[in-house]
Each structure stands twice: as structure tokens, then as C-alpha cells.
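Results of the structural survey
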Amino acid sequence: MGDLNVIAIVMVIIVTTFTVGMAILVRRFTRTTADFYLAGRKVGTFANASAISGDYLSAASFLGVAAAVYASGLDGVWFAAGFAGGFIVVVLFIASALRRFGEYTIADFAYGRFRSDRIRLVTVFMVLLTSLFYMAPQMYGAGTTWTVLVGAGIFGLSPYNTGVLIVAGIIMFYVFVGGMKATTLNQIFQFWWLWTAMFLVCVLVFVAGNFNYPRDLAEVTAEEHLDVRTVSVAQLTEVDPETGQALIDEVREYMSERGLEPVEAAIETGDPGATVGITVPSTNRLHTLRDMWFNEPGHRYNALDQFSMVLALVLGTAGLPHILNRYYTNPSGQAARRSTFWVLVFIGTFYILAPIAGLAGRLLIDDAWRAGAAPDNVNYVDGLLARSDTLMPTLAQILGGEWLMGAVAAGAFAAMFSTTGGLLIASASAVGHDVYEKYINPDAPEIKRVIMAKASVLFFSLVALGIGLGIPAAGLDRAYPALIAMMVTWAFSLGAGAFVPMLLTGIWWRQTTERGAIAGMIVGGGGSLFFIFMNVMNQLGHFGDEGLLPLLGSLTFPTVFTFPAAVLTIVIVSKIDGQLPKNVDEIWMRIHGTASERHDKELGLDKSGGVFSSGQK
Amino acid sequence: MASSAEEKVIRTRSGIQVQHGNHIDTIESVDLVFRAQRKLSFSFAAVFFIVTLSIPVMTVWWEPWYGVPIWGGFTANYLVVSLLYYVFLWGLSFTYIKKADALDERLSHMADEIAAETAVEPIGGE
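The structure presented is a predicted model; accordingly, all values stated were derived computationally and were not measured. (Residues numbered from 1 in each chain as written. Chains lettered and ligands numbered in written order. Predicted model: local features only at pLDDT ≥ 70, side-chain atom pairs only at ≥ 80, totals over all residues. Heavy atoms only, no water.)

A few words on the overall build of chain B. Of regular secondary structure, chain B possesses three helices and six strands. Reading the secondary structure of chain B in the N-to-C direction produces β-β-β-α-α-β-β-α-β. (Helix = DSSP H or I, 4+ residues; strand = E, 2+ residues; numbered from the N terminus.)

Below, the structure is given as C-alpha cells:
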């Protein structure tokens, strides 16, 4: 192991030590379930905005967005814009109403709004599914980042499994010990760490890389966009009877002499099953008659997916349970709105920087590779990264050496810690609070409730660990070139289908009934699951090329169908059903009434308190 | 519960009232707040979705938007999605929050007035 890896490990250890130390420090302030789940509802605007940003910026944002831009150009830039745009829906429709309604969780909201145990249990099920979908890419990111940055396993485990195990273990420990207060403080710290790491990379892109945004974008666009593909020797050498040419003949025309060396070596082995990386011109899936350029749309998404992707990203944020949970930690509805504005500023600046890193990587990594100065701990195909998810650490290493690479490595782990911590709290509160405290043992003393919450954290940490270890075995990493961003978008699609229609109609349409809401959640959530499953099966090659199945499996983002279908279902079923809760006036007054906030404002109680204090105000 | 003060739900002959300290919500005052907030939120949402969805519309159907560089390598499409869209998001959210805060302030006085006019003697409480 070289110095580079040692520095990276040391910096990750610093972040981890701080994370664990913070959990131990706030442990004595976590006495009640309100402390454990909601940090005592006293988190201030700046702190909550930072924590929401830390919760939100996962491995998909820190590693995945720049990587998606690197691999897909403009289609990748949409991940950044869409992730940010989602908070507009939150601030316009959800934030202050959710906070005014109070309670602990999204399932509490569903129960409180519709006065039904049935809808609470359906919501709990959907919360767990969405959280697991979101945890999966974090765990996968942990394994792949560890593989790239450390490259070694412990106790005989592979580097990938070691990364998953270590990250799951650390998160389990600090959420278990410190609950939402520790998670909040860590998310604040982790957000600013990874924002700074992204900022430093981009500063060095401009200073050391002599970057000029419009000029360099033109330079990347001067040549047709290329993809990295892994093919077998048999595929390379098979002659097309119509043209009389093999793929290798085409490849020899545009790959460099040095880039061709491993390709020719693989052919020389004579093993038809041997695989090797090649670069091939990308096809334009949107404007099929045009060539594919970096600054044009169509690398990943056809016309339907262009709309569906935008809808999934901007609607999905309002359906992420771990983000919505954070709104209950604001001291007032007004503070909830202000937190959201600052979130938009924080993550917006981050998302402006990430595509710069992706574009700069396209030039600087290629330059470094051709100069023989590229880091040797990642794989290249003719100057392109074999796996785009390794872009950030590789670019950091080229620009700032081992220290910047260490900062980026620590940032990557910070992103996984903060998001998975929030997801564990959301999952634990769904089971510990929504099921145990409401149905299994409603009279449980406070100490038993906290123990149940911690047991839930332990259980879901183990589930996350299992998912992380299982992803490569299922072959998903081979089916999707940018798996981290893809899996996160599945969680967005599920949230957008299952929760957002229920929340929007529950808050803004008084006639929404319990049956309508449940039907909408089943149609939206179930429809999303169906299309995601079909897409996975299609990508894994189980459906062939023709017929209904590959057509159904071709839709990457289901939201363009599932969201309107869910809203329509809620409206139609509610109209037919017509059975509003008996106390619907009282419920409506809790969602939109302001007497509580007027009272708090009069007494100056709408101000946030310190996180280092105990008890609910 | 959301409130720091104990919530009192008071049933009257004409409906219910919710009381926090000296402040009361009646169904009339809440209806006023709801309608004003709905108008504000849905107006801003219309602007947000029109702007946001017009981007893929132009991306699919208008070549000068996606295929013609206007500043170095920037097409209008790339420039908007990578930079200008954030300025739009910040401006929209800032304006909305200012308006929502002002609306809250204005409505809080009106809600107290309406509640004072419409609040009636309770016939029972919980």
C-alpha cells in the first residue's frame, strides 16, 4: 500500500472518529423518543438546512452526479438540476403544512389525516421499501469507494465487502448511540466537509487545470462522444457477413495506438471468452439521426425518459421519508420554509460545481493518461475511466495529489454516513414508533420505546449490510453502467409514486378519503415497483428484444405514468367513496390552522434552541 | 403535537374551535388561511412546472435550443440546465418565502379578528 492510500485512510479515519465521537458526546442528551427521532424539535434554520443537505447529498450526489456528467454529458447534468428542483415542490406544498401538523413520521401524518390504522401500516411498508431502495446505492457506493481508495480487505473479505461492512458498522453505531441528535450534528459536519471537498476540486480545476467553462465544453464537444464498453474477443473478431468487417476493424480506426495495446493483446491470446475494454461512438437515443455530442441531450434518455426523468427527480424529493422526517425537527412552519430556501442555496452551489468536475475530468484525466501521469489504482480504456464512478477520487488525485484525494475519499464516506444515518432513523421510526408504540405495546415506558428504536436501527443496519453485499451477486453492477445514480432514482420514483400524491391531496384537497389515499399509494407505489422490476429484468437480458415485455422494461423512470395515475386514482376513489373522517374539520384545522404558531410567536417560542439540550419544548 | 401550548378543541353549536393559549382557530379563520396559501403555492407551482417542463419540451423538439452552441460549447439547453436553472430556483423560492411570510403575518391578524368574531361559547371541550 502506497502513501496515497495511507493518506486517504487517515482522512477517512478522522471523519469517522469525529462521527463516532459526536454520537458519544450527544448520548447524554438523548433521553426521550422525541430526542431520538426528532432531536427535540429544536433544530435551527441554518443547522437544519445543513443537516437536510447532508441527509440529501448521498453517494449519488457526491460521486454519481459528476460521474454521470463525465459518462453522459448533458443527460448527466439533469441529475444535478433535478435533485435541486425537487425542493421547490417541498417548500411550496409540503414543508410548513407538515410541520404544523406535528407528529413524528410520514406514517403519523397519514394516520392523523385519515384516522386509519390501515393507511398507517401501508405507509410504513412504503417507507421501508423507499428507504431500502435508497440505502442500497449507499452501501454499493461504500464497497466500490473502498475498493478504489483502499484496495484491500480485512479478515479475508474482498475490498468491496470490507467497505460495505465497515460503513454499515459505523453508521449503525452512531445512530444507535446518538439517534437524531447525533445524526443531525454529523449531517451538518458531513455536508460541509463534502461541499468543501467538491469546492476544492473545482477551484483546482480552474487554477491548476486552467479550466475555462465555455472553451473546454467546446473542446470536449469537438469530437464525437465515446462510450466505454466491455466486449469479448469473440465479439471483437466476429465478421459481419454484410459488411465483411469485424468490430475490431472499426475500433482500430479511432482508438489510439496505446489504447489498442490491451485489445490486441487480448486477441492474441486466442481465447474467445476473454474480455477487454474498448471505446465506441455513443448513439443518440433522443435525436436518432444526429451524432452524439457531449453538450447535447440523448446519450441515456429517449423523449419519454427526458420527461419522466425530470418528473421523477423534481417530484421524488417530496416523497423521501428521511427528508420529510427532518421537517418535523423545525420549530415552526416558517422556519421549515426558510430551511428549505437555505437547502436550495447549499445544494444548488454544490450541484453547479459537480458538472464542472465531470466536464473537467473528461479532459484532464485523458491528458494525464496520455502523459503517463494518471493514477494507477483505477482502470482506463484509451484515456477514459473504465468505471465513471471513480471520477471524483481520480480527478482529485491528479489535481491535488494525495491530500485532496484523501479529502474526497473522506467526503465520499461522509456522504454515505449522513444519508444512511437519516434512512436508518426513518426506518427505525417507521417500525419502532409507527408499529411498536402504536400497536404492539402502546403503554410501553419511555425507556422501552428508546430500546425498541435502537433495536430497529440495529435490524435495519443489518438489512442494509445484506443488501450491500448482495448487489454484485445479483449482477446489477454489470447491468447498469452508472448504478449508484440509477438506484437512487428508483427511490425517487417510488417516493414520487407512493407518497407525493397522498401528501399533496391530503394537504390540499379536503375531500380526500382514506380509501382514496390507500388506492393511490398502491397504484403509485406498486406501479413504480412494477416498472422498476421490469426495467431491471430487461437490463439483465431476461426479456429479449421483441414483444411486450421488453417494451414495458424499456421505461427507465416510471413517474410520468405512476404519478398522474396515483393522483387520478385518489380523486376517483375518494369521489366514489365519499367517507371523510368524522372529525375532518379538526384535522383540517391542524394542517392549516395557525393558532399554535401565533401563540408561539407571541411568547417568542418559535425560535430554535440548541441541539445540545434535552427534552421537547 | 406541533404546539408548545396545550391544544384545546372546543365544540360549539356552529362547529369546532382549536385554542392555543390566547389564540383561537375557527373553521372560518382556517378556511381564510387555507385559501390564501393555496392560491400562493399553486401560482408559484404553475410557474415552476411551466419553466421546468418547458426544458424537456424544447430539448425534444427545438433544435436551436439543444443543437446550436451560443457561448463556447454552451448550447442554450446546457447553459440553462447547468447554471441558469439554479438562479431560477433561488429567485422563485426566495420570492415565495418572502410572500408566504408576509401572508402569514397578514393572516395571523385577520385570523385573530375572524376568530374573535366567529368564536362562540363552547358547549363542551376535550
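So, next bit.
What follows covers the overall build of chain A. Along its length, chain A carries 25 helices and four strands. Counting the 617 residues in chain A, one finds 65% classified as buried. Intrachain contacts of chain A at a sequence separation of at least 6 include 81% that bridge at least 24 residues. For chain A, the accessible surface area stands at approximately 20,600 Å², while carbon and sulfur atoms represent 61% of it. (Buried < 20%, exposed > 50% of the residue type's maximum accessible area, 1.4 Å probe, protein only. Contact = heavy atoms within 4.5 Å. Areas by Shrake-Rupley, 256 points an atom, 1.4 Å probe, with all protein chains shown as cover.)

So, on to the packing of aromatic side chains. Enumeration according to the criterion identifies 44 aromatic pairs over all chains in this entry. Each ring, one from Tyr-56 of chain A and one from Phe-87 of chain A, has its centre 4.7 Å from the other, and the planes form 75°; the classification is edge-to-face. Remark: Phe-87 of chain A occurs in helix α5 (residues 74-101) and Tyr-56 of chain A occurs in helix α3 (residues 45-56); sequence separation between them is 31 residues. A connected cluster of aromatic rings, assembled from ring pairs, spans Phe-46, Phe-191, Trp-192, Trp-195, Phe-199, Phe-341, Trp-342 and Phe-346 of chain A together with Phe-94 of chain B. For Arg-362 of chain A, the ring lying beneath its charged end belongs to Tyr-70 of chain A, and the centroid distance is 5.3 Å. When the ring centre of Phe-101 of chain A is taken as reference, the NZ or CZ atom of Arg-590 of chain A above it lies at 4.5 Å. (Phe/Tyr/Trp six-rings, centres within 6.5 Å; stacked < 30°, edge-to-face > 60°. Lys NZ or Arg CZ within 6 Å of the ring centre and 35° of its normal.)

All names here are of chain A. Look at Arg-115: it is not a glycine, yet its phi comes out positive at around 50°. Judged by relative accessible area, Arg-115 falls into the partly exposed class, the value being 33%. Non-glycine residue Asp-382 carries a positive phi angle of around 50°. By secondary structure assignment, the location of Asp-382 is in the loop between β3 (380-381) and β4 (384-385). Residue classification places Asp-382 among the buried residues on the basis of a relative accessible area of 8%.

Turning our eyes to something else, we now look at helix α13 (residues 303-316) of chain A. All names here are of chain A. The terminal C-alpha atoms of α13 lie 20 Å apart, and with 14 residues this matches the ideal 20 Å at 1.5 Å per residue to within 8%. Here α13 lies mainly inside the structure; twelve of its 14 residues are buried. All buried positions along α13 are accounted for by Asp-305, Gln-306, Phe-307, Ser-308, Met-309, Val-310, Leu-311, Ala-312, Leu-313, Val-314, Leu-315 and Gly-316. Measuring from the side-chain oxygen of the N-cap residue of α13 to the backbone nitrogen of Leu-304 gives 3.3 Å; that N-cap residue is Asn-302. (Expected span 1.5 Å × (residues − 1). Polar contact = N/O pair within 3.5 Å; in protein donor to acceptor, adjacent residues only side chain to side chain.)

This part is about the pairing of strand β3 (residues 23-26) of chain B. All names here are of chain B. Of the two faces of β3, both are covered, the one formed by His-23 and Asp-25 as well as the one formed by Ile-24 and Thr-26. Inspection of the sheet shows strand β2 (residues 15-20) paired to β3 by four bridges, in the antiparallel sense. By the bridge assignment for β3, His-20 is matched with His-23. As consecutive antiparallel partners, β2 and β3 are separated by two residues, and within that stretch Gly-21 has a phi angle of approximately 60°, a positive value. (Pairing = 2+ DSSP bridges.)

Attention now moves to the packing of helix α7 (residues 117-149) of chain A against helix α17 (residues 446-474) of chain A. Residues and elements named next belong to chain A. In contact at an axis separation of 8 Å, α7 and α17 are set at 55° when each is read in the N-to-C sense. Considered as vectors, α7 and α17 are oriented oblique to each other. Read as a crossing pair, α7 and α17 show a hand that is right-handed. Residues Leu-128, Leu-132, Met-135, Ala-136, Met-139 and Tyr-140 of α7 lie in contact with α17, whose contacting residues are Phe-460, Val-463, Ala-464, Ile-467, Gly-468 and Ile-471. Across the contact of α7 with α17, the residue classes tally to eleven nonpolar, one polar and no charged. (Axes fitted to C-alpha atoms, helices over the stretch in contact; angles between N-to-C directions. Parallel < 35°, antiparallel > 145°, perpendicular 65-115°, else oblique. Left-handed = near helix turned anticlockwise from the far one by under 90°. Nonpolar A, V, L, I, M, F, W, Y, C, P; charged D, E, K, R; others polar.)

This part takes up the environment of Leu-53 of chain B. With respect to the helices and strands, the residue Leu-53 of chain B is situated in helix α1 (residues 27-61). With residues near it in sequence (within four places) discarded, Leu-53 of chain B still touches Phe-307, Val-310 and Leu-311 of chain A.

With that out of the way, let us pick up helix α16 (residues 391-440) of chain A. Residues and elements named next belong to chain A. Taking 1.5 Å of rise per residue, 50 residues should cover 74 Å, yet α16 covers just 48 Å from first to last C-alpha, more than 12% shy of that figure. Gly-400 marks the point of greatest bend in α16, at about 140°. When you tally the buried positions in α16, you get 40 out of 50 residues, the bulk of the element. (Bend = angle between axes of the 7 residues up to and from the residue.)

Listed per partner, the contact involves 68 residues of chain B and 65 residues of chain A. For the chain B and chain A pair, buried surface summed over both sides reaches about 6,000 Å², with 69% attributable to carbon and sulfur atoms. As a salt-bridge pair, Glu-63 of chain B and Arg-290 of chain A come within 2.9 Å of each other at their nearest N and O atoms. If you list the elements that add at least two residues to the side of chain B that touches chain A, you get β1 (7-12), β2, β3, α1, α2 (63-66), β5 (74-75) and α3 (76-118) of chain B. By residue number, the principal contributor to the side of chain B that touches chain A is α3 of chain B, which donates 21 residues. (Buried area = accessible area lost by both parts, 1.4 Å probe. Salt bridge = Lys/Arg side-chain N within 4 Å of Asp/Glu carboxyl O.)

Taken as a whole, chain B shows an average pLDDT of 83; of its residues, 80% reach a score of 70 or greater. Looking at the elements of chain B, mean pLDDT is at its lowest for strand β6 (residues 124-125) of chain B, recorded as 44, and at its highest for β5 of chain B, recorded as 97. (pLDDT = per-residue confidence, 0-100.)

Another aspect to go through is the pattern of salt bridges. Throughout the structure, instances matching the rule amount to 15 salt bridges over all chains. Residues joined by salt bridges that share partners form a network here, namely Arg-337 and Arg-338 of chain A together with Asp-101 and Asp-104 of chain B.

This part is about the side chain of Ser-456 of chain A. Within the secondary structure layout, Ser-456 of chain A lies in helix α17. Residues within four places of Ser-456 of chain A in sequence aside, it is in contact with Ala-428, Val-431 and Gly-432 of chain A.

Reading fine detail from the predicted coordinates is not recommended where pLDDT is low. Residue and element names in this part refer to chain A. Residues of chain A with pLDDT of at least 70 account for 91%, and the chain-wide mean is 84. Looking over chain A, one finds the lowest element-wise mean pLDDT in helix α2 (residues 33-38), namely 53, and the highest in helix α23 (residues 559-577), namely 96. In the model, residues 609-617 has pLDDT below 50 throughout and makes 30 contacts with residues more than four positions away in sequence or in other chains.

Take the packing of helix α4 (residues 59-72) of chain A against helix α15 (residues 333-370) of chain A next. Residues and elements named next belong to chain A. Contact geometry for α4 and α15: axes closest at 8 Å, N-to-C directions at 50°. In terms of orientation, α4 lies oblique with respect to α15. In this structure, α4 meets α15 at a crossing whose hand is right-handed. Contact with α4, carried on its side by Ser-61, Phe-62, Val-65, Ala-66, Val-69, Tyr-70 and Ala-71, involves Phe-350, Tyr-351, Ala-354, Pro-355, Ala-357, Gly-358, Leu-359, Gly-361, Arg-362 and Ile-365 of α15 and no other residues of that element. The class makeup of the residues in the contact of α4 with α15 is 13 nonpolar, three polar and one charged.

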